[in-house]
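For reference, the chains in residue letters:
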Amino acid sequence: MAEPGGGRPRERGTPAPSTAPRRRQGDPLHPGAWWLWALALGVAATRTTNPLLLALLVVVSAYVVAVRRPDAPWARSYSAFVKLALLVIVVRLLFAIVLGSPIPGTHVLLDLPEVPLPDWAQGIRLGGRVTAEALAFALYDGMKLATLLICVGAANALANPSRLLKSLPGALYETGVAVVVALTFAPSLITDVQRLRAARRLRGRPDRGVRGLLQVGLPVLEGALERSVALAAAMDARGYGRTAQVPAGVRRTTAALTLGGLLGVCAGTYGLLTAEGAAYGVPLLLAGLAAALAGLRLGGRRSPRTRYRPDHWDARAWLVAGSGMVVAALLAVAAARDPAALHPGVVPLVAPALPLWPAAAVLVGLLPAFVTPAPEDTGKEPS
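Residues numbered from 1 in each chain as written. Predicted model: local features only at pLDDT ≥ 70, side-chain atom pairs only at ≥ 80, totals over all residues. Heavy atoms only, no water.

Right, let's get into the overall build of the chain. Counting its regular elements, the chain contains 14 helices and two strands. Going through the 383 residues of the chain one by one, you find that 33% of them count as buried. Counted over contacts in the chain with a minimum sequence separation of 6, partners at least 24 positions apart contribute 79%. If you sum the accessible surface of the chain, you get close to 22,900 Å²; carbon and sulfur atoms cover 67% of it. (Helix = DSSP H or I, 4+ residues; strand = E, 2+ residues; numbered from the N terminus. Buried < 20%, exposed > 50% of the residue type's maximum accessible area, 1.4 Å probe, protein only. Contact = heavy atoms within 4.5 Å. Areas by Shrake-Rupley, 256 points an atom, 1.4 Å probe, with all protein chains shown as cover.)

For the structure on display, the rule yields two aromatic pairs. Geometrically, the ring pair formed by Trp-34 and Trp-37 is edge-to-face, given 5.8 Å between the ring centres and 80° between the ring planes. Pair noted here: Trp-34 and Trp-37 are both in helix 1 (residues 31-46), with a separation of three residues, about one helical turn. Look at Trp-313 and Trp-318: their rings are 5.7 Å apart centre to centre, the planes differ by 80°, and that puts the pair in the edge-to-face class. The exposed category is assigned to Trp-318, whose relative accessible area is 60%. (Phe/Tyr/Trp six-rings, centres within 6.5 Å; stacked < 30°, edge-to-face > 60°.)

Take the nonpolar core next. Generally speaking, nonpolar side chains in soluble globular proteins are found buried as a group. Grouped together as the largest cluster of nonpolar side chains are 40 residues, with contacts concentrated most on Trp-34, Trp-37, Leu-57, Leu-342 and Val-362. Those elements that place two or more of their residues in this core are helix 1, helix 2 (51-68), helix 3 (78-98), helix 4 (132-158), helix 10 (315-337), helix 11 (339-342) and helix 12 (356-362). (Core = buried A, V, L, I, M, F, W, Y, C linked by side-chain atoms within 4.5 Å.)

Let's shift gears to the side chain of Thr-372. Looking at where Thr-372 falls in the secondary structure, it is placed in the loop between helix 13 (368-371) and helix 14 (375-378). Judged by its relative accessible area of 7%, Thr-372 is buried. There is a polar contact of 2.8 Å between the side chain of Thr-372 and the side chain of Arg-68. Here Pro-368 takes part through its backbone oxygen, which lies 2.4 Å from a polar atom of the side chain of Thr-372. (Polar contact = N/O pair within 3.5 Å; in protein donor to acceptor, adjacent residues only side chain to side chain.)

Let us look at the confidence of the model for the chain. Of all residues in the chain, 77% attain a pLDDT of 70 or more, and the chain-wide mean is 77. Summarising per-element confidence for the chain, the mean pLDDT is lowest in helix 14 (55) and highest in helix 2 (93). The low-confidence segment residues 1-25 (pLDDT under 50) makes 17 contacts with residues lying over four places distant or belonging to another chain. Residue range residues 377-383 is modelled with pLDDT below 50. Its contacts to residues more than four positions away, or to other chains, number 16 contacts. (pLDDT = per-residue confidence, 0-100.)

The subject of this paragraph is the packing of helix 1 against helix 10. In contact at an axis separation of 8 Å, helix 1 and helix 10 are set at 10° when each is read in the N-to-C sense. It follows that helix 1 is roughly parallel to helix 10 by the angle criterion. Mapping the contact onto sequence places Ala-33, Trp-34, Leu-36, Trp-37, Ala-40, Leu-41, Val-43 and Ala-44 in helix 1 and Ala-317, Val-320, Ala-321, Ser-323, Gly-324, Met-325, Val-327, Ala-328 and Leu-331 in helix 10. Of the residues that constitute the contact of helix 1 with helix 10, the class distribution is 15 nonpolar, two polar and no charged. (Axes fitted to C-alpha atoms, helices over the stretch in contact; angles between N-to-C directions. Parallel < 35°, antiparallel > 145°, perpendicular 65-115°, else oblique. Nonpolar A, V, L, I, M, F, W, Y, C, P; charged D, E, K, R; others polar.)

With 23 residues, helix 10 ought to run about 33 Å at 1.5 Å a step, and its terminal C-alpha atoms sit 32 Å apart, in line with that. Among the residues of helix 10, those classed as buried are Arg-316, Ala-317, Val-320, Ala-321, Ser-323, Gly-324, Val-327, Ala-328, Leu-331, Ala-334 and Ala-335. Residues of helix 10 that are buried make contact with helix 1, helix 2, helix 11, helix 12 and helix 13. (Expected span 1.5 Å × (residues − 1).)

And the structure:
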């Protein structure tokens, strides 16, 4: 029999071709998997102060970014996070030098002049002795926060923000739109500043100082306002911000579940990060996640919308997210069983050693570099 609308006749018994889009091996990975992987590595970084393990976490995340980062404007933020992480370490060391540290030590490196302070400022000192133990403690503490920042930078460099917006639940759609618009406008502002400064230099006009800042800032602000007005008109024409009618009881239930769930997630996370709250941290975190997800599910009824070619959570996404969670779980177990290896002592000052099986656990985080598509595929939007 002939196909509707003409064309070559189809033989009897042959199934009709499917019109649904097929998932290919080169299709982009779900952006939520990248965020779960990176945040799990960040959680693993909070379980140790061993500089060797922290450096290994940075190397793992940097390697995955190097081989899987697409060539897109939003993927170029990784270097900014690395610079911010280095700045955090430097600031933490400066605080330890200038403001002192409560860590006692015997290896004096510097003896700065100490500024006398009044009695109400007890516990704070300016200057004084700078010991190797205090600097080592500050370095370990700063490296932990720096590693967490680099892991977040890896998520920003690997996850497409527009695809992440499509994957958000309906209850967070308006918030997601605002965040993505802000992240999209930021590179445009930087490009405008660079273009205007180059134009002023070509004309022989100053582009630095207060006068140059005013002469460059006003056109940039005017262009940003024009783009925002045009974007607002385009979004209003496409129906953004429309909400459906939902009963008052459902709205109150949604607010209670979402707020209570988020509070439970915060309390559970705090319990996991402290030794005293390890007993109630996991159940409270799971209960908070369940309540928050239920609230977001109900809240999505107020924002009916459809998704064009949504990203599917396939086996590769499970492998990527699971590899990061395995690293976090194994380092948490290692911190409980052998705290001395994951938290090297500074009093007395000893050289940190690399524990073998926690280091092997960190290497599990390299799995996304081998199971995800090549960057030339992830950088392309579906046609």
